[in-house]
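Listed below, chain by chain, are the residues.
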Amino acid sequence: MAVPIGRRERKKAATREKIADAARRLFLERGYDAVGIRDVAAEADVAVTTLFAHFPSKEALVFEHDEDFEYRLTHAVTDRAPNEPLIPALRHEIQAMVRHCAAEQAAPLWHMIDHTPALRQYEGSVRLRHAESLAAAIAADLDQPPPATACRTIARFVIDAYSLGRESPDPESAVNEIFRMIEAAWAVTGSSEHATASIGP
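What this report covers is the structure whose coordinates are included nearby. Note that the structure is predicted; figures quoted are calculated from it, not measured.

### Here we look at the pattern of salt bridges
For the coordinates displayed, the defined rule picks out 17 salt bridges. With a closest N to O distance of 1.9 Å, Glu-64 and Arg-24 form a salt bridge. Linking Glu-64 in the loop between helix H4 (58-62) and helix H5 (66-78) with Arg-24 in helix H1 (residues 7-30), this pair joins segments that are 40 residues apart in sequence. Under the relative-accessibility criterion, Glu-64 is labelled buried at 13%. Residue class for Arg-24 comes out partly exposed when judged on its relative accessible area of 27%. With a shortest N-O distance of 2.6 Å, Glu-70 and Arg-129 are connected by a salt bridge. With a gap of 59 residues between them, Glu-70 in helix H5 and Arg-129 in helix H8 (residues 117-141) connect regions that are remote in the sequence. Residue classification places Glu-70 among the buried positions, given a relative accessible area of 17%. Taking the relative accessible area as the measure of exposure, Arg-129 reaches 35% and is therefore partly exposed. When salt bridges with common partners are traced through the structure, they connect Asp-114, Arg-120, Glu-123, Arg-166 and Glu-167 into a single cluster.

Here's what the structure looks like:
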């Protein structure tokens, strides 16, 4: 009997989610450093090898939506409307991400990340990778050979806007303020036709 299309991927996604949920639960209950990989595998009722098939490291268990974050950022560039300027499109996506991360239910997880050196270091490496992917998407959008310096710089600014907004007591205002500076910097590159819409109040 043929396996229905998509069934395997659905099962993989369900297993991944089960592992991530178990890890998050244990980390928040006991503390990140007090939980080992075997503890998470046992809680999720999977083999350690299965866990590593979905997550390459203990740190990655905390950043389960890492790939989704990267996908959303790059597609904010590639999937925007033909006449939609680049910088406002990125601001809109960053605002949505910051609102999600600043929500009350996300606070315990981010508190753990902010107070765990290993996770802070891992987050830094993730941010650099996201910035490189975003820079490549921007360069491709402009028909420039990546990684153009201007594209990499703006991409770093955008990723930093997410982090600074998340940490701000007024995330929306912080992101708007940062993106006004990003728009000004982008205009200096000579690509002002991509950044002509208002960033907001």
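### Remarks on unusual backbone geometry
Although it is not a glycine, Asp-45 adopts a positive phi angle of roughly 60 degrees. Residue class for Asp-45 comes out exposed when judged on its relative accessible area of 66%.

### Overview of the packing of aromatic side chains
Under the counting rule described, the total for this entry stands at three aromatic pairs. Taken together, a centroid distance of 4.9 Å and an interplanar angle of 55 degrees make the contact between Phe-27 and Tyr-32 tilted. A single burial state applies to Phe-27 and to Tyr-32, both of which are buried. With centroids separated by 4.7 Å and ring planes inclined at 65 degrees, the aromatic side chains of Phe-69 and Tyr-162 adopt a geometry described as edge-to-face. Taken together, the residues Phe-69 in helix H5 and Tyr-162 in helix H9 (residues 149-167) connect sequence positions 93 residues apart. As far as burial versus exposure is concerned, Phe-69 and Tyr-162 are alike and both buried. Cation over ring: Lys-58 sits above Tyr-32, and NZ or CZ is 4.1 Å from the ring centre.

### Brief notes about the environment of Ile-138
Within the secondary structure, Ile-138 is located in helix H8. Each C-alpha atom, one on Ile-138 and one on Ala-150, is 9.6 Å from the other, the two residues being twelve residues apart in sequence. Contact partners of Ile-138, with chain neighbours within four places excluded, come to Val-77, Leu-86, Leu-90, Cys-151, Ile-154 and Trp-186.

Here is what the cut-offs are and how they apply
- Residues numbered from 1 in each chain as written.
- Predicted model: local features only at pLDDT ≥ 70, side-chain atom pairs only at ≥ 80, totals over all residues.
- Heavy atoms only, no water.
- Salt bridge = Lys/Arg side-chain N within 4 Å of Asp/Glu carboxyl O.
- Helix = DSSP H or I, 4+ residues; strand = E, 2+ residues; numbered from the N terminus.
- Buried < 20%, exposed > 50% of the residue type's maximum accessible area, 1.4 Å probe, protein only.
- Phe/Tyr/Trp six-rings, centres within 6.5 Å; stacked < 30°, edge-to-face > 60°.
- Lys NZ or Arg CZ within 6 Å of the ring centre and 35° of its normal.
- Contact = heavy atoms within 4.5 Å.

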